[in-house]
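# Coordinate analysis (summary)
This is what each chain is made of:
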Amino acid sequence: HDFKAALKAKFGNFIRAWRVALSPDDTLVLQRSEFLKACNRLNLNVNAKVVWKAFDRDESGLASIDELDPKSAEILALFQAWCKQKFGSMQ
């Protein structure tokens, strides 16, 4: 919860934190190495390895925004669907 609170304090919401800091290349999944680098770069004062274990519950080596915050993931998915419907793509 410290990690989520730090992200929210720094970025205002989880979607912005995901898109700006954790996964700036717009992927919907994040590899462990990318996550650890992002935590180090952000200097959030959390134990990134412990936080990673909490997110990667299935031990796949990947985490998604859904694992960070399901509500934010739903909002982002709805927005992406709207963009694709309205404009044909997210480009």
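For the structure, check the block above.
Here is a short report on the structure shown in this document. (Residues numbered from 1 in each chain as written. Predicted model: local features only at pLDDT ≥ 70, side-chain atom pairs only at ≥ 80, totals over all residues. Heavy atoms only, no water.)

## Overview of the overall build of the chain
Looking only at helices and strands, one finds six helices and two strands in the chain. Projected onto the principal axes, the alpha-carbon positions of the chain cover approximately 40 × 30 × 20 Å. Looking at the chain residue by residue over its 91 residues, the buried ones come to 35%. Put simply, of all contacts in the chain between residues at least 6 apart along the chain, 44% involve residues at least 24 apart. Of the roughly 6200 Å² of accessible surface on the chain, a fraction of 52% belongs to carbon and sulfur atoms. With 14 positive and 11 negative side-chain charges, the chain shows a separation of 6 Å between the mean positions of the two kinds. (Helix = DSSP H or I, 4+ residues; strand = E, 2+ residues; numbered from the N terminus. Buried < 20%, exposed > 50% of the residue type's maximum accessible area, 1.4 Å probe, protein only. Contact = heavy atoms within 4.5 Å. Areas by Shrake-Rupley, 256 points an atom, 1.4 Å probe, with all protein chains shown as cover. Lys, Arg positive; Asp, Glu negative; His and termini not counted. Charge placed at Lys NZ, Arg CZ, Asp CG, Glu CD.)

## Some words on the nonpolar core
Counting 24 residues, the largest nonpolar core has Phe3, Leu7, Leu22, Phe35, Leu42, Phe55 and Leu68 as its most contacted members. Only helix H1 (2–11), helix H2 (14–22), helix H3 (32–42), helix H4 (48–55), helix H5 (65–68) and helix H6 (70–87) provide two or more residues apiece to this core. Considering every element that reaches this core, the biggest residue donor is H2, with five residues. Dropping the residues within four chain positions of it, leucine 42 is found in contact with Leu7, Lys10, Phe11, Ala21 and Leu22. (Core = buried A, V, L, I, M, F, W, Y, C linked by side-chain atoms within 4.5 Å.)

## Observations regarding unusual backbone geometry
Even without glycine at this site, asparagine 45 takes up a positive phi of about 60 degrees. By the element assignment, asparagine 45 lies in the loop between H3 and H4.

## Observations regarding H4
What H4 keeps buried is the set Ala48, Val51, Trp52 and Phe55. Buried residues along H4 cover an arc of 105 degrees about the axis, so they all sit on one side. Residues of H4 that are exposed and point over 90 degrees away from its buried face: Lys49, Val50 and Lys53. Packed against the buried residues of H4 are H1, strand S1 (29–31), H3, strand S2 (62–64) and H5. (Arc of directions from axis to C-beta.)

## Things to note about the environment of leucine 42
Within the secondary structure, leucine 42 is located in helix H3. On the basis of relative accessible area, leucine 42 is assigned to the buried category, the value being 12%. The sequence separation of leucine 42 and alanine 54 amounts to 12 residues, and the corresponding C-alpha distance is 19 Å.

## Focus: H1
Residues of H1 that are buried: Phe3, Ala6, Leu7 and Phe11. Down the axis of H1, the buried side of the element spans an arc of 105 degrees, and every buried residue falls inside it. Exposed residues pointing more than 90 degrees away from the buried face of H1 are listed as Asp2 and Ala9. A positive phi of about 90 degrees marks glycine 12, the residue just after H1.

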